[in-house]
Amino acid sequence: MPSLYPYGDGGCLVSAPAELAGLFCRGAVQQRKRTLVAASAVAAAAAECVRAAKKQRQQLPSLDALPDECLFEILRRVPGGRGRGASACVSRRWLALLGSIRASELGQAAAAAAAADTPSLPDLNEEFVMEEEDKEESPADRCAVDRVLVGKEATDVRLAAMAIVAGSRGGLEKLAVRGSHPTRGVTDQGLSAVARGSINLSSLTLWDVPLITDAGLAEIAAGCPSLERLDISRCPLITDKGLAAVAQGCPNLVSLTIEACSGVANEGLRAIGRSCVKLQAVNIKNCPLVGDQGISSLVCSATASLAKIRLQGLNITDASLAVIGYYGKAVTDLTLTRLATVGEMGFWVMANAAGLQNLRCMSVTSCPGVTDLALDSIAKFCLSLKQLYLRKCGHVSDAGLKAFTESAKVFENLQLEECNRVTLVGILAFLLNCSQKFRALSLVKCMGIKDICSAPAQLPLCRSLRFLTIKDCPGFTDASLAVVGMICPQLEQVDLSGLGEVTDNGLLPLIQSSEAGLIKVDLSGCKNITDVAVSSLVKGHGKSLKKVSLEGCSKITDASLFTMSESCTELAELDLSNCMVSDYGVAILASARHLKLHVLSLSGCSKVTQKSVPFLGNLGQSLEGLNLQFCNMIGNHNIASLEKKLWWCDILA
């Protein structure tokens, strides 16, 4: 009987006797054909199964098939911020619907569910869910309601998601959007989501968000009645209509900043003034449509509360300053910048109106109307003025300073920058007549501050002056500095940065005449100062010095560091950038156990090499900042090891 062999042929057994070899070969060919036919049949059956599964899924009920109204009612009943946040991840449609739900509507849904009190089946996951909700509502999470979106991060989707998640904790309290995604930037839809879910929003900042319009601002006004601070910058589509909506919906507004918004004009500011009676600070910059009517109406309406006024680059005239002078009874801080159409009469009338009795700080930049006459009037009628900052006021001279100081009885701080008609003679006359409360003098880039041929017959003695800054005045040299040292014996902080002509001969008299003990000294850019002057400074004031800056003093070497290691006990910040200190000096600093540096800068010190790394690592845990930029001899590998050892310290390299 012929033997039988199993063969994969549909479950049939094929007889294959040895004598029928030829027939066996022919049967193999037929078998391969049948295999191909069977494989194609299997593929067709699989495809049919996939089609049937898709058809079955399409026939199953889905929430996506519901209209928006029904899905809205379902989503507003989702409990907890975590659940709503998870729901927002399902699709953009769900995110948009969740973003359109107001906080009050969520509360209504919860109240309705509690009132129904319908029995429900026990939930096996109830304990786990409660733990999650408790974790979500922890005090730390409730406080995390301040958000900032910058640049490409600022989109409607991200803004809506933030609002939804924060909604369970009362919504956002502070929101700042700085910039916008170039193609999917923040629009009114994103602001609408914030407004609906953040009833407690108190501060809103919108910088460079060109797609925001009055409609978005109106949504904020309608949904955020607690808004107190509004800062809008470079939003061209916002107009008076949006500001009017804010005025109507946000009566508690205390601070308003509008910068470079070309659509904002007088009517919007008038509406703010009428409705926001608690307004305390106004900052209006570079808005071409804002004029006298808007500023005058705002100041008149908020006369009882308005304390800070900042105006820059506006088309206003003397009339606005006259209104400020008469109605600014609560103003304490006044800043006026680039008001080209305001003349001398405007400043004179503002002062003579006698309304600025509480003015304490005044800053004026690039205003041609500030003259000697205006300065004299300000001193006579602003009796509480303590600080005056004048920048690029080319009409102010020595005569104006002298008249000012004779009338200003409580004045404390004078800062002059690029006021080139002021000379050292005027400064000496100012110090001769200044009040006993005068504490700070700053002269920056004043080309008139230079050596004088002969000293005045009577030199002042200003024992009240504590803070002196003479910066980037190229004509100020040793002779003038020696005079300053004689007349100001109680200096505590001295900034002489950028005085390239000052040498040890001018600095030593100031150091030796200081009686109070210098605390902060900045000699950056004084390229002619040597170790002699620094050693004298450290020896005489080592117990009081807390900050020393010697950046760019190319004649400073390790000798100064040796004196510091012996004499300084309170030194916390030391800047040696671009000095000629070496590894030996760094080792000396590290070996001074009583020296607890917080910040050390060795940027650009070409003599500091990898040999300093072990000593830098031993500076102690008090070190918070270390600058090793442009120290090319240290190497990246050594920087990495130093970062690992000083893991708590911020290292720049």
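Going by the structure above, here's the rest.
Let us look at the structure shown here. The written sequence of each chain sets the order in which its residues are numbered from 1. Reporting of local features is limited, given that this is a predicted model, to residues whose pLDDT is at least 70; pairs of side-chain atoms are given and counted only at 80 or more, and all residues count toward the totals for whole chains, interfaces and linings. In computing side-chain values, all of the structure's heavy atoms are included and hydrogens and water are not.

## Considering the overall build of the chain
- Scanning the chain from N- to C-terminus turns up 25 helices and 22 strands.
- Looking at the chain residue by residue over its 653 residues, the buried ones come to 47%.
- We call two residues in contact when some of their heavy atoms are within 4.5 Å. Considering only contacts in the chain between residues 6 or more positions apart, those separated by 24 or more positions represent 81%. Only DSSP runs of H or I covering at least 4 residues are called helices, and only runs of E covering at least 2 are called strands; the numbering of each starts at the N terminus. Each residue gets one of three labels from its accessible area relative to the maximum for its type: buried under 20%, exposed over 50%, partly exposed in between, using a 1.4 Å probe on protein chains only.

## A few points about the pattern of salt bridges
- Salt bridges are defined by distance alone: a side-chain nitrogen of Lys or Arg within 4 Å of a carboxyl oxygen of Asp or Glu. Counted under the stated rule, the structure contains eight salt bridges.
- Linking Glu-417 and Arg-391 is a salt bridge whose minimum nitrogen-to-oxygen distance equals 3.4 Å. In this pair, Glu-417 is assigned in strand β13 (residues 413–417) and Arg-391 in strand β12 (residues 387–391), connecting sequence segments 26 residues apart.
- With a relative accessible area of 15%, Glu-417 lands in the buried category.
- On the basis of relative accessible area, Arg-391 is assigned to the partly exposed category, the value being 24%.
- Within this structure, Asp-208, Arg-234 and Glu-259 form a network of salt bridges that share partners.

## Observations concerning helix α16 (residues 372–381)
- The element α16 is largely enclosed, with a buried count of seven among its 10 residues.
- Looking only at α16, the buried set comprises Asp-372, Ala-374, Leu-375, Asp-376, Ser-377, Ile-378 and Ala-379.
- Summarising the contacts, the buried residues of α16 are in contact with α15 (344–352), β11 (361–365), β12 and α17 (398–407).

## Regarding unusual backbone geometry
- With phi around 55°, Asp-208 is a residue other than glycine that occupies positive phi space.
- Mapping Asp-208 onto the fold places it in the loop between β5 (203–207) and α10 (214–223).
- By relative accessible area, Asp-208 is classed as partly exposed at 34%.

## With respect to a positive patch on the surface
- Together, Lys-174, Arg-229, Lys-308 and Arg-310 line one region of the surface with positive charge.
- Checked against the element boundaries, Lys-174 lands in strand β4 (residues 174–178).
- Residue Lys-174 is classed as partly exposed on the basis of its relative accessible area, which comes to 45%. In this scheme, patches are assembled from residues that exceed 30% relative accessible area and form no salt bridge. Like charges are connected within 9 Å, while nonpolar side chains (Val, Leu, Ile, Met, Phe, Trp, Tyr) are connected within 5 Å. Exposure was quantified through the Shrake-Rupley algorithm and a 1.4 Å probe, taking into account, for residues, occlusion by the shown protein chains and nothing else. Lys and Arg are tallied as positive, Asp and Glu as negative. Neither His nor the chain termini are counted. The atom standing in for a charge is NZ when the residue is Lys, CZ when it is Arg, CG when it is Asp and CD when it is Glu.

## Section: the nonpolar core
- Core analysis: the biggest nonpolar cluster contains 166 residues, and Phe-347 and Leu-600 have the highest contact counts within it.
- Apart from residues lying up to four places away in sequence, Leu-600 is in contact with Leu-574, Leu-576, Leu-589, Leu-616, Leu-619, Leu-623, Gly-625, Leu-626 and Asn-627. Throughout, nonpolar core names a set of buried Ala, Val, Leu, Ile, Met, Phe, Trp, Tyr and Cys residues whose side chains join them through atoms within 4.5 Å.

## Focus: the packing of aromatic side chains
- The criterion for an aromatic pair is that two Phe, Tyr or Trp rings (for Trp, the six-membered ring) have centres within 6.5 Å, with stacked assigned to planes under 30 degrees apart, edge-to-face to planes over 60 apart and tilted to the rest. Under the defined criterion, the tally for this structure stands at six aromatic pairs.
- When the centroid spacing of 4.9 Å and the interplanar angle of 85° are considered together, the rings of Phe-404 and Phe-411 count as edge-to-face.
- Phe-411 sits in the buried class, given a relative accessible area of 3%.
- With 5.1 Å between their ring centres and 75° between their planes, Phe-430 and Phe-438 make a pair best called edge-to-face. Phe-438 carries the same exposure label as Phe-430, and that label is buried.
- In textbook terms, an aromatic cluster arises when at least three aromatic residues are bridged by ring pairs, as seen for Phe-404, Phe-411, Phe-430 and Phe-438.
- The rule for a charge over a ring is simple: NZ of Lys or CZ of Arg within 6 Å of the ring centre, and within 35 degrees of the ring normal. Lying over the aromatic face of Trp-207, Arg-178 brings its terminal NZ or CZ to 5.2 Å of the ring centre.
- A cation over an aromatic ring shows up here: Lys-329 above the ring of Tyr-326, its NZ or CZ 5.3 Å from the ring centre.

## A short note on the environment of Val-586
- Inspection of the secondary structure assignment puts Val-586 in helix α23 (residues 583–591).
- The exposure class assigned to Val-586 is buried, which follows from its relative accessible area of 3%.
- Separated by 27 residues in sequence, Val-586 and Val-613 place their C-alpha atoms 9.2 Å apart.
- Every residue in contact with Val-586, bar those within four places of it in the chain, is listed here: Leu-561, Leu-602, Val-608, Ser-612, Phe-615 and Leu-616.

## So, the packing of helix α20 (residues 504–513) against helix α21 (residues 531–541)
- Helix axes use the C-alpha atoms of the stretch in contact, all axes being lines fitted to C-alpha atoms, and the angles between their N-to-C directions lie in the range 0 to 180 degrees. Relative orientation of the contacting elements α20 and α21 amounts to 5°, with a least axis distance of 9 Å. By the criterion of interaxial angle, the relationship of α20 to α21 is roughly parallel. Facing Asp-504, Leu-507, Leu-508 and Ile-511 of α20, the residues of α21 in contact are Val-532, Ala-533, Ser-536, Leu-537 and His-541.
- Ten residues, namely Ala, Val, Leu, Ile, Met, Phe, Trp, Tyr, Cys and Pro, are considered nonpolar, four, namely Asp, Glu, Lys and Arg, are considered charged, and the remaining ones, Gly among them, are considered polar. Residue composition of the contact of α20 with α21, grouped by class: six nonpolar, two polar and one charged. Relative orientations are named as follows: roughly parallel for angles under 35 degrees, roughly antiparallel for angles over 145 degrees, roughly perpendicular for angles from 65 to 115 degrees, and oblique for any other angle.

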